[in-house]
Amino acid sequence: MSARPANVHQARLLRLLRDLGPQSRVALGDRVELSRSKLAVEIDRLLETGLVVQDGLAASRGGRRSHNVRIAPSLRFLGVDIGATSVDAAVTNAELEVLGHLSEPLDVREGPVAVFERVLALAAKLREAGLAEHFDGAGIGVPGPVRFPEGVPVAPPIMPGWDGFPVREALSQELGCPVLVDNDVNLMALGEQQAGVARSVRDFLWVKVGTGIGCGIVVGGEVHRGVTGSAGDIGHIQVDPDGPPCACGNSGCLEAHFGGHALVRDATALAKAGRSAELARLLEATGRLTPEDVSAAAGAGDAAALELIRLGGSRIGQVIAGLVSFFNPGLVVIGGGLTGLGHTLLASIRTQVYRQSLPLATGNLPIVLGELGQVAGVVGATRLISDHLFSPA
């Protein structure tokens, strides 16, 4: 982007056009507190910068028909969601419609240099596919705490070699555009707020249940990150002081009980102990189990696999119940790779939260699965960078 909005009015108009699509001047006037003449001035200035363009005649509302305006269709944003075991990259237009999406396995423990080579290769593939000549901005998610103003990971438990690495600066230089970096769960929450189940909710929790477990906290429509960027790191809340060791150095953390690695560990133990015929069969066939195997075993009615999922859901619900009583959200969204475990997991979480939290907090509280699935993080990443660029410079 060669231009930025000059004031808060132009920023507001750009965000409306991003979220609502093409609008007539009259329709925009209904949504902003500007006089007709002031609105006309600001739209004309945005047209001059090229940030918005004319888009045909609007539907008649009586009198002379006006032109629709839309945000510049040539703008392109890159969203990257780096997880513990995979990476997703997508390109969107300025209305945050996903034009192309790529995903591949990745081990974040390989370190930032190796991971960024993969990220840049995916970005190049998206460009080569004709989806973008260049990127006007990029949002990047990483699976650990981030010092947001600098775009630097801070002591991430599952990301050796990343502490203090200048992610924002390094990728901005390589991509040739502005870059913002945030915790991956915060971006998933933004994605659901932008285009998913949380579109109309101002205060909600987005809980990722995957290799790691984390929580995006949205307050008054804004992500709450905390002083050092570690808000929502619920995977390292202790649920059992005598529990298994965790990657963070403590014992009995929620993640050590029911993160992706913990689920595979416990499923393998059940299979080897002869307590699950279905898991034993899958282990013998492939040599190692995955969360998908646990889901398949549960789907086949395997009692041990079902109990493993129920127990994990109960542990997660135990932590969420405390958050609900403290925060009193309007919605709890469950997402992440382990949601493939299905209704058994969600039902167990719901049961524990509704049982443990005060009725005043849960009486009208939906606990639902996210709508966006694998693209939640990349949509949230492009929402993050577009919020930044559609603000006065």
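What counts and what doesn't
Residues numbered from 1 in each chain as written. Predicted model: local features only at pLDDT ≥ 70, side-chain atom pairs only at ≥ 80, totals over all residues. Heavy atoms only, no water. Helix = DSSP H or I, 4+ residues; strand = E, 2+ residues; numbered from the N terminus. Rg over C-alpha atoms; globule rule 2.2 N^0.38 Å. Buried < 20%, exposed > 50% of the residue type's maximum accessible area, 1.4 Å probe, protein only. Contact = heavy atoms within 4.5 Å. Areas by Shrake-Rupley, 256 points an atom, 1.4 Å probe, with all protein chains shown as cover. Lys, Arg positive; Asp, Glu negative; His and termini not counted. Charge placed at Lys NZ, Arg CZ, Asp CG, Glu CD. Expected span 1.5 Å × (residues − 1). Pairing = 2+ DSSP bridges. Axes fitted to C-alpha atoms, helices over the stretch in contact; angles between N-to-C directions. Phe/Tyr/Trp six-rings, centres within 6.5 Å; stacked < 30°, edge-to-face > 60°.

Undergrad: Would you take a moment to explain the overall build of the chain for this structure?
TA: Along the backbone of the chain there are 14 helices and 15 strands. For the chain, whose C-alpha radius of gyration is 23 Å, the value lies close to the compact-globule estimate of 21 Å for 393 residues. Across its three principal directions, the C-alpha atoms of the chain cover 75 × 50 × 40 Å. By residue count, 52% of the 393 residues in the chain fall in the buried class. Within the chain, residue pairs in contact and separated by at least 24 positions form 60% of the contacts whose partners lie at least 6 positions apart. On the chain, roughly 17,100 Å² of surface is accessible, and the fraction owed to carbon and sulfur atoms is 51%. Each charge sign in the chain was given a centre, from 34 positive and 40 negative side chains, and these centres are 7 Å apart.

Undergrad: Help me understand helix H4 (residues 112-128) in this model?
TA: Counting along an α-helix, one turn takes 3.6 residues, and residues three or four places apart therefore face a common direction. In a regular helix each residue adds 1.5 Å, so 17 residues correspond to 24 Å; H4 covers 24 Å between its end C-alpha atoms and thus fits that length. For H4, every residue scored as buried is listed here: Pro112, Val115, Phe116, Val119, Leu122, Ala123, Ala124 and Leu126. Contacts from the buried residues of H4 go to strand E4 (77-82), strand E5 (86-92), strand E6 (98-105) and helix H5 (167-175). Where H4 terminates, the next one or two residues include Gly130, which has phi positive at roughly 80°.

Undergrad: Sorry, what's going on with the sheet that holds E4 here?
TA: Two orientations exist for strands paired in a sheet by backbone hydrogen bonds: parallel and antiparallel. Strand order across the open sheet formed by five strands is E6-E5-E4-E7-E10, with mixed pairing between neighbours. Of all the strands in the sheet, just E6 and strand E10 (179-183) have a single pairing partner and so form its edges. On average, each strand axis in the sheet is inclined to that of its neighbour by 15°, with strand direction left out of account. Sitting on the sheet, helix H6 (residues 184-195) touches E4, strand E7 (137-142) and E10, and the angle it makes with E10 is about 100°.

Undergrad: Would you mind showing me how to read the environment of Gly312 here?
TA: Along the chain, Gly312 falls in helix H11 (residues 303-327). Measuring from C-alpha to C-alpha, the distance between Gly312 and Ser348 comes to 8.2 Å, with 36 residues separating the pair along the chain.

Undergrad: What is the right way to look at unusual backbone geometry in this model?
TA: If you check the backbone angles, Leu96 has positive phi at about 65° while not being a glycine. Along the chain, the position of Leu96 falls in the loop between E5 and E6. With a relative accessible area of 8%, Leu96 lands in the buried category. A positive phi angle, close to 55°, is found at Asn328, a residue other than glycine. Within the secondary structure layout, Asn328 lies in the loop between H11 and strand E14 (331-335).

Undergrad: Mind showing me how you'd approach the sheet that holds E14 here?
TA: If you trace the five strands from one edge of the open sheet to the other, you get E13-E12-E11-E14-E15, paired in mixed fashion. Looking at which strands have only one partner, the edges of the open sheet turn out to be strand E13 (222-223) and strand E15 (367-369). Pairing geometry for strand E12 (residues 213-219) and E13, over two bridges, is antiparallel. Bridge pairing links Val219 to Glu222 in E13.

Undergrad: What should I look at first to understand the pairing of E10 in this one?
TA: Consecutive residues of a regular strand have side chains that alternate between opposite faces of the sheet. The element E10 is largely enclosed, with a buried count of five among its five residues. Judged from the five bridges that link them, E7 and E10 form a sheet pairing that is parallel. Following the sheet pairing, Gly139 is matched in E10 by Leu180.

Undergrad: Looking at this model, I keep getting lost on the packing of aromatic side chains. Mind explaining?
TA: Any aromatic ring pair is given by two values, namely how distant the centres are and how the planes are angled relative to each other. Evaluated as defined, the whole model comprises three aromatic pairs. Here the aromatic rings of Phe77 and Phe390 are separated by 6.0 Å at their centres, their planes lie at 65°, and the arrangement is edge-to-face. Within this pair, whereas Phe77 is found in strand E4, its partner Phe390 is found in the segment after helix H14 (376-389), the two being separated by 313 residues in sequence. Across the pair, exposure class does not vary: Phe77 and Phe390 are buried alike. The interplanar angle of 50° and the centroid separation of 5.7 Å between the aromatic rings of Phe116 and Phe165 together place this pair among those described as tilted. One end of the pair, Phe116, is in helix H4; the other, Phe165, is in the loop between strand E9 (152-153) and H5, with 49 residues separating them in the sequence. Ring-pair connections join several aromatic residues into one group, and the members of that group are Phe116, Trp162 and Phe165.

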